Amino acid sequence: MVVLSGTANRDLAASIARELDVKLGGCEIQRFPDGEVSVELTEPVRRKDVFIVQPTSPPVDEHLIELLAIADATRRAAAGHITAVIPYFGYGRQDKRRGHRVPITASMVAELLEAVGVEHVLSVDLHAPQIEGFFRIPVDTLSAVPVLYEAVRPYLPDHAAVVSPDAGRVTMAAQYAAQINAPVIVLHKRRESATETGVTHVVGDVRGRSCLIVDDMISTGGTIAESVEALIDAGANPDVLVAATHGLLLEGAQEKLSHKAIHRIFVTDTVSTAGKEVPNLEVVSIAPLIAAAVSRFLADGSLTELQAALRKPRS
Ligand code: R5P
């Protein structure tokens, strides 16, 4: 097998390769003066099982095109089987039409990946599970909940509540809540624009409780900042924990996440957080989980068993 990496998160790819006890495969990526990407595989992949690790994180389009180009090079070099390991699937939030003259961009990305020869996709906490339906090839989605929960656990006080910042994260919140036997609180979020949202209702009683807000991603940090405000207004304790799978942490997030009621923020390394100066940020590696999944693919093993073993409630 061969593990290749684009430029989006070489540290993660190297950690996955280390877990699998292989070296990263040779793949040179450069940019032409006009910005076009240039890819060259520097070692044979003929008949090999190739895993291309590339989150399509910001700059999303650059990383996506890189991934497509690496897959195309791999297919033309007669690889045996191509798996795209896309720990963070960019465009995942564009999974439905919100008007009559708009694309479903997540579906377009799926078609592009298949067009260049990707035969299998491995991702982590897709924004919406139905994105799998945009593909005709197998898609496996890992849950980062067990990994993040292990990191959050020592900081969780008694009588905590798990908070879903919108309707889309209720299932994830319930997974955390099942581990600690805590209630799930749901916030009702209204989207004002692509960059602005507002919390209108807190569903559940948070008075005197410490809250763990869970989400699939922190992008601008707006959702978390507004959720913290709403919870404090509703009587929650000012020691909020945050656990989110993908720490995009865009410009401005640092300020929004500097709220004095936020005690600690946990994200995984699906997206590189290098250079992000967010206070109280703890990054947990997803590499062992992805490597375990890859090992199972190679041995025709079951991913369901892998995740079920991690999901067992702890006392
Ligand atoms: C929304 O549906 C997502 O699950 C996240 O809550 C959202 O994308 C986070 O974005 P931001 O940090 O910009 O509020």
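First, a word on scope: everything that follows refers to the structure included in this document. (Residues numbered from 1 in each chain as written. Predicted model: local features only at pLDDT ≥ 70, side-chain atom pairs only at ≥ 80, totals over all residues. Heavy atoms only, no water.)

What about the sheet that holds strand S11 (residues 210-218)?
Here comes step 1: Taken in spatial order, the 7 strands of this open sheet run S10-S9-S8-S11-S12-S13-S14, and their pairing is mixed. With one partner strand each, in any of the chains shown, strand S10 (197-203) and strand S14 (281-284) form the two edges of the open sheet. In this sheet, adjacent strand axes meet at a mean angle of 25° when their direction is disregarded.
Here comes step 2: The sheet contact formed by strand S8 (residues 160-164) and strand S9 (residues 184-191) spans 3 bridges and is parallel. Bridge pairing in S9 links valine 163 to isoleucine 185. (Pairing = 2+ DSSP bridges. Helix = DSSP H or I, 4+ residues; strand = E, 2+ residues; numbered from the N terminus. Axes fitted to C-alpha atoms, helices over the stretch in contact; angles between N-to-C directions.)

A closer look at the sheet that holds strand S7 (residues 139-142)
Here comes step 1: The sheet built from 5 strands is open, its strands ordered S1-S4-S5-S6-S7 with parallel pairing. What marks the edges here is a single partner per strand, and that holds for strand S1 (2-5) and S7. Ignoring which end each strand starts from, the neighbouring axes of this sheet average 20° apart.
Here comes step 2: Strands in contact with helix H8 (residues 287-298) are strand S4 (49-53), strand S5 (81-86), strand S6 (120-124) and S7; relative to S6, the strand with the most contacts, it is inclined by about 155°. (Contact = heavy atoms within 4.5 Å.)

Let's talk about helix H2 (residues 60-76)
Here comes step 1: Between the first and last C-alpha of H2 there are 24 Å, a value that for 17 residues agrees with the 24 Å anticipated at 1.5 Å per step.
Here comes step 2: Check the buried side of H2 and you find it contacts S1, strand S2 (27-31), strand S3 (37-41), S4, S5 and helix H3 (105-115).
Here comes step 3: One or two residues past the end of H2 sits alanine 78, with phi positive at roughly 65°. (Expected span 1.5 Å × (residues − 1).)

Re the environment of asparagine 237
Here comes step 1: If you trace the backbone, asparagine 237 turns up in the loop between helix H6 (222-233) and strand S12 (240-247).
Here comes step 2: Sequence-wise, asparagine 237 and valine 39 are 198 residues apart; in three dimensions their C-alpha atoms are separated by 51 Å.
Here comes step 3: Other than its neighbours up to four places away in sequence, asparagine 237 contacts Gly208, Arg209, Ser210 and Ile232.
Here comes step 4: Only 3.2 Å separates the side chain of asparagine 237 from the backbone oxygen of glycine 208, close enough to count as a polar contact. (Polar contact = N/O pair within 3.5 Å; in protein donor to acceptor, adjacent residues only side chain to side chain.)

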